Amino acid sequence: MPKSRIAVIGAGLMGHGIAQVFGLAGHDVTITDAHGPTLASARDRILTNLRDLGDDVTTVERVRVCADLAEAVAGADFIVEAVREDLGIKQKLFADIERAAGPDAILASNTSVIPITAIMGGLENRARALGTHWWNPPYLVPLVEVIGTAWTAPAAIDVTMKLHAAIGKTPVHVKKDVPGFVGNRLQHALWREAISLVENDICDAETVDTVIKAAFGRRLAVLGPLENADLVGTDLTLAIHQTVLPAIDARPGPSPYLEKLVARGKLGMKSGEGFRTWTPEQQADLRARVLRHLKAARGSD
Ligand SMILES: NC(=O)c1ccc[n+]([C@@H]2O[C@H](COP(=O)([O-])OP(=O)(O)OC[C@H]3O[C@@H](n4cnc5c(N)ncnc54)[C@H](O)[C@@H]3O)[C@@H](O)[C@H]2O)c1
């Protein structure tokens with residue numbers, strides 16, 4: 001793929017990592033952020049990641065920081081937004097981006113759950129606007145969901161899929177702009193039942209996590225649920241569903257158990273307690289274990 005000019009808007013957790021991945025693949029990247037100190041530290045954070053991963057540290061030379069949005073997007077072929085998850089901020093930002101970007105640039109949002117249609121609906125040229133949903137950390141998790149709206153041109157999807165495949169990601173095309181796209185719908189269907197098991201005193205929170213990590217979680221990285229259904233047989237899958245599906249949680253809203261945790265200030269690690277209690281040492285240990293696991297998985301890709 002020819003070298004492209006990439007603009008990344010937002011230099012926080014996701015934005016600096018996305019810039020790093022495009023830079024490592026040889027593209028020229030400009031990154032901007034409304035918060036001066038965050039922008040000023042972006043290259044240092046990228047350098048730290050590159051060193052930690054054993055990746056080419058000269059990558060950082062291809063990442064230019066730029067305080068001015070219009071300057072950052074001018075001349076870019078592909079513009080990806082990774083600012084705060086706030087519809088109003090994103091709508092205003094894309095209106096500003098559209099005024100400053102070249103006519104052929106593709107405009108992408110990294111929103112986690114906001115429909116792309118809502119973010120891009122006010123643009124003059126909606127055919128070039130789409131979603132690219134990366135996963136954290138962008139330099140370790142391969143998936144990028146590419147989401148088209150009813151207005152998105154097939155050519156924009158095609159270019160975006162090819163661009164992300166060429167930088168070593170695993171792009172997938174989400175054909176309808178539904179809340180949660182594909183990954184977060186699947187993930188939160190599982191979380192709903194996980195919470196329900198605890199709420200109904202069927203087991204405790206630690207048991208839920210142990211069951212997943214010590215059983216089907218072991219297989220998930222190499223065996224998706226539909227591959228698994230074919231492996232055991234669709235007839236057996238149907239028989240299981242006839243018994244199990246009527247018994248599992250199908251409520252349309254968040255669990256009252258979760259709402260109570262939040263109301264009582266049990267916000268998880270940041271408050272020391274959520275579904276479980278967390279000492280600072282336990283938090284650091286879990287974070288380190290996740291990172292080690294993701295790095296090992298990247299090494300074996
Ligand atoms: N954190 C995750 O695991 C994750 C995963 C996938 C997608 N996302 C999505 O990516 C986006 C960014 O998330 P994050 O975790 O990197 O957030 P973050 O808070 O770490 O970074 C957001 C950055 O956006 C900047 N910003 C806010 N308004 C701006 C504006 N108008 N112009 C320029 N910069 C602006 C902030 O200064 C901040 O540095 C969100 O939409 C989020 O939902 C996050």
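Above this text you will find the structure in question.
I will try to describe carefully the structure that is included in this document.

What counts, and at which threshold
Residues numbered from 1 in each chain as written. Predicted model: local features only at pLDDT ≥ 70, side-chain atom pairs only at ≥ 80, totals over all residues. Heavy atoms only, no water. Near = heavy atom within 4 Å. Polar contact = N/O pair within 3.5 Å; in protein donor to acceptor, adjacent residues only side chain to side chain. Areas by Shrake-Rupley, 256 points an atom, 1.4 Å probe, with all protein chains shown as cover. Helix = DSSP H or I, 4+ residues; strand = E, 2+ residues; numbered from the N terminus. Buried < 20%, exposed > 50% of the residue type's maximum accessible area, 1.4 Å probe, protein only. Pairing = 2+ DSSP bridges. Right-handed = clockwise from strand over helix to strand, strands pointing away. Phe/Tyr/Trp six-rings, centres within 6.5 Å; stacked < 30°, edge-to-face > 60°. Axes fitted to C-alpha atoms, helices over the stretch in contact; angles between N-to-C directions. Parallel < 35°, antiparallel > 145°, perpendicular 65-115°, else oblique. Contact = heavy atoms within 4.5 Å. Nonpolar A, V, L, I, M, F, W, Y, C, P; charged D, E, K, R; others polar. 1 Å grid on protein atoms, 1.4 Å probe; cavity = no way out; pocket = protein on both sides within 12 Å on 5 of 7 lines; lining within 4 Å. Points joined across faces, edges and corners; volume = space filled by probe spheres on them.

In the vicinity of the ligand, 19 residues are found, and the nearest of them are Met14, Asp33, Glu85, Lys90 and Ser112. Contacts to the ligand include Asp33, whose side-chain N or O atom sits 2.6 Å from an oxygen atom. Measuring from a nitrogen atom of the ligand, one finds a backbone N or O atom of Ala34 at 3.1 Å. For the ligand, whose free accessible area comes to 830 Å², the fraction covered by protein is 73%. Elements that contribute at least two residues to the shell around the ligand include exactly helix H1 (13-24), helix H4 (87-100) and strand E6 (129-134).

Here the focus is the pairing of strand E2 (residues 28-32). Here E2 lies mainly inside the structure; 4 of its 5 residues are buried. Note: strand E1 (residues 5-9) against E2, 5 bridges, orientation parallel. Bridge pairing in E2 links Ile6 to Val29. Each parallel crossover has a hand, and the one from E1 via H1 to E2 is right-handed. Pairing of E2 with strand E3 (residues 63-65) involves 3 bridges; the strand directions are parallel. From the neighbouring strand, Thr30 faces E3, where its bridge partner is Arg64. Once the chain exits E2 it traverses helix H2 (residues 36-53) before rejoining the sheet at E3, and the crossover so formed is right-handed.

All right, on to the packing of aromatic side chains then. A full pass over the atoms with the stated rule returns 3 aromatic pairs. Ring geometry for Phe22 against Phe78: centres 6.2 Å apart, planes inclined by 45 degrees, an arrangement best described as tilted. Placement of the pair is Phe22 in helix H1 and Phe78 in strand E4 (residues 78-81), with a sequence separation of 56 residues. No difference in accessibility class separates Phe22 from Phe78, as the two residues are buried. On the numbers, 6.0 Å between centres and 15 degrees between planes, the contact of Tyr257 with Phe275 is stacked. Here Phe275 lies in the loop between helix H12 (256-263) and helix H13 (280-299) and Tyr257 lies in helix H12, a separation of 18 residues in the sequence.

Here Gly102 shows up in the loop between H4 and strand E5 (106-109). With 28 residues separating them in the primary sequence, Gly102 and Ala74 have C-alpha atoms 6.4 Å apart.

Let's shift gears to the packing of helix H7 (residues 183-199) against H12. Packed helices, taken two at a time, are described by the angle between their axes plus the distance between the axes. Across the interface, H7 lies against H12 with an axial gap of 9 Å and an inter-helix angle of 80 degrees. As far as their axial angle goes, H12 and H7 are roughly perpendicular. Counting all contacts with H7, which are made through Ile195, Val198 and Glu199, the residues of H12 involved are Pro256, Tyr257 and Leu258. Its residues assigned to classes, the contact of H7 with H12 comprises 5 nonpolar, no polar and 1 charged.

The mixed open sheet is built from 8 strands, whose spatial order is E3-E2-E1-E4-E5-E6-E7-E8. Looking along the sheet, the strands with just one partner apiece sit at the ends: E3 and strand E8 (170-174). Going from strand to strand, the sheet's axes swing by 25 degrees on average, the running direction of each strand aside. The strands touched by H1 within the sheet are E1, E2, E3, E4 and E6, with E2 carrying the most contacts at an inclination of about 170 degrees.

Okay, the layout of surface pockets next. The probe, sized like a water molecule, is rolled over the atoms to show the empty space still left. In this structure, the second largest pocket spans a volume of roughly 220 Å³. Looking at the second largest pocket, it is lined by 13 residues, and the ones nearest its centre are Tyr139, Ile167, Gly168, Lys169 and Arg298. In terms of residue count, H1 provides more of the lining of the second largest pocket than any other element does, 3 residues in total.

Everything listed here is a matter of coordinates, which is why it stays silent on function.
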